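Descriptive structure summary
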Amino acid sequence: MKAVRCCDKQVHVVDVPAPKGEGVIVNVRSAGICGSDLHMLNAGFNLAATLGHEVAGTLSDGRAVALEPIAPCGHCDMCVQGDYSLCRLSAGMVYGVGRDGGMAEKIIVPARCIVPLPSNVSAADACLVEPLAVATHGIRMLDIKPTSRIAIIGAGAVGLAAAAILTPLVAKVDIAARHDAQRDAAERLGAGLNPSGEYDAVVECAGNSGALMQAARLCKPSGVILLLATYWDGVSLPAFEVSMKGLKIYASSMYDRHGLVRDVDAAAQLMAQRPELPGILITHRLPLDAAAEAFSIAANRKAGAIKVVLEP
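Attention here is on the structure that accompanies the text. Keep in mind it's a predicted model, so treat the numbers as computed, not measured. (Residues numbered from 1 in each chain as written. Predicted model: local features only at pLDDT ≥ 70, side-chain atom pairs only at ≥ 80, totals over all residues. Heavy atoms only, no water.)

Right, let's get into the sheet that holds strand β11 (residues 199–204). Note: strands within a sheet are paired through backbone hydrogen bonds, in either parallel or antiparallel orientation. As summarised here, the arrangement of the six strands in space is β10-β9-β8-β11-β12-β13, forming an open sheet in which the pairing is parallel. In the strand order of this sheet, the two ends are held by β10 (192–193) and β13 (248–251), each with one partner. When strand β9 (residues 172–176) meets β10, the two strands line up parallel, connected through two bridges. The residue bridging Asp 174 from the neighbouring strand is Gly 192, located in β10. The strands that helix α4 (residues 157–166) touches are β8 (149–153) and β9; relative to β8, the one it contacts most, it runs at about 165°. (Pairing = 2+ DSSP bridges. Helix = DSSP H or I, 4+ residues; strand = E, 2+ residues; numbered from the N terminus. Contact = heavy atoms within 4.5 Å. Axes fitted to C-alpha atoms, helices over the stretch in contact; angles between N-to-C directions.)

Our next topic: the pairing of strand β17 (residues 307–311). The element β17 is largely enclosed, with a buried count of four among its five residues. The pairing of strand β3 (residues 24–32) with β17 spans two bridges and is classified as antiparallel. Pairing of Gly 32 across the sheet is with Val 309, part of β17. Bridge count for strand β16 (residues 282–287) against β17 is five bridges, and the pairing is parallel. (Buried < 20%, exposed > 50% of the residue type's maximum accessible area, 1.4 Å probe, protein only.)

Attention now goes to the pattern of salt bridges. For the coordinates displayed, the defined rule picks out 18 salt bridges. Between Lys 145 and Asp 143 there is a salt bridge, with its nearest N and O atoms 2.9 Å apart. The exposure class of Lys 145 is partly exposed, given its relative accessible area of 42%. The exposure class assigned to Asp 143 is exposed, which follows from its relative accessible area of 63%. Shared partners join several salt bridges into a network, and the residues in it are Arg 29, Asp 125, Arg 285 and Glu 311. (Salt bridge = Lys/Arg side-chain N within 4 Å of Asp/Glu carboxyl O.)

Glancing now at helix α10 (residues 291–298). Those residues of α10 that sit buried are Ala 291, Ala 294, Phe 295, Ile 297 and Ala 298. An end-on view of α10 places all buried positions within 160° of arc, on one side of the element. Summarising the contacts, the buried residues of α10 are in contact with β1 (2–7), β2 (10–15), α1 (35–42), β16 and β17. (Arc of directions from axis to C-beta.)

So, about the packing of aromatic side chains. Going through the model one piece at a time under the given rule, you end up with zero aromatic pairs. The positively charged end of Arg 112 is found above the aromatic ring belonging to Tyr 84, 5.1 Å away from the centroid. Looking at Arg 149, its charged tip hangs above the ring of Tyr 199, at a distance of 4.5 Å from the centre. (Phe/Tyr/Trp six-rings, centres within 6.5 Å; stacked < 30°, edge-to-face > 60°. Lys NZ or Arg CZ within 6 Å of the ring centre and 35° of its normal.)

Before going further, it helps to spend a moment on the nonpolar core. If you look at the biggest cluster of nonpolar residues, it comprises 61 residues, and the most contacted ones within it are Val 129, Leu 132, Ile 152, Leu 160, Leu 189 and Val 203. In terms of residue count, the dominant contributor to this core is α4 (seven residues). The residues touching Leu 189, leaving out its near neighbours within four places in the chain, are Leu 160, Ala 163, Ala 164, Thr 167, Arg 274, Leu 277, Ile 280 and Leu 281. Leu 51, Cys 113, Leu 288 and Ala 294 belong to the second-largest nonpolar core, a separate cluster that totals 34 residues. (Core = buried A, V, L, I, M, F, W, Y, C linked by side-chain atoms within 4.5 Å.)

This is the structure:
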């Protein structure tokens, strides 16, 4: 079968053996390109694994599913206490990083990875479940009230996913967006633009020192900064603002469960409740053979890309 891999900072569509062995075979219908995929490509990571952790498809009986694309060990201290997103396997448990991912015609995963989709959610769109779950997991850390004012810094897929979750729940959501397509998407989701004043919480999704400084300045005294970005190059902490305001900083990684409900299942339900999301967030769809072009489009946010999806 065909699969997407990266080598020497280039994307390649290669022929690989079809998956077999223990697990559930998923016929991939959609695979989103994440900012992490772009970073790994540009940093020159020569991954032996097929890319793709934002994945949805169909089972052998035709049922539409998304994936929770991680395979935690289940027996380390973090897994035993229920925080399997912090499994000691770290990146090695992530499909598309340490394991073959879903930018391919098929993927095999443990049954625990399967996310059943509501009847009105298509596998062609449900690659969005993963970034929505990232935002869901972090937002659960916040003490949200109907009167809360929340700002979001960064309007990529995760920042807009956070807006999609928050706008029905709180009084005010404002988002700092750099590009026209992002600003249009934010407004269609019900968010305001250009945060100003003070906010109860700021969700930082840009992943750089300037964004973290902006978040600290926007937080009210005793407010919360939620880190949803991936800080590949490290950041400088705006320690003066953080200490003088008594701010709390929460860091969130991936997704697991809240009580008996997985973040990925909550994300799938959100897609059912907000059927407009794919039309707002997915800006480009390309066939698997056009993976190199798709990565080029995804890297050019100025040209209007938000979520670029490969369709095997």
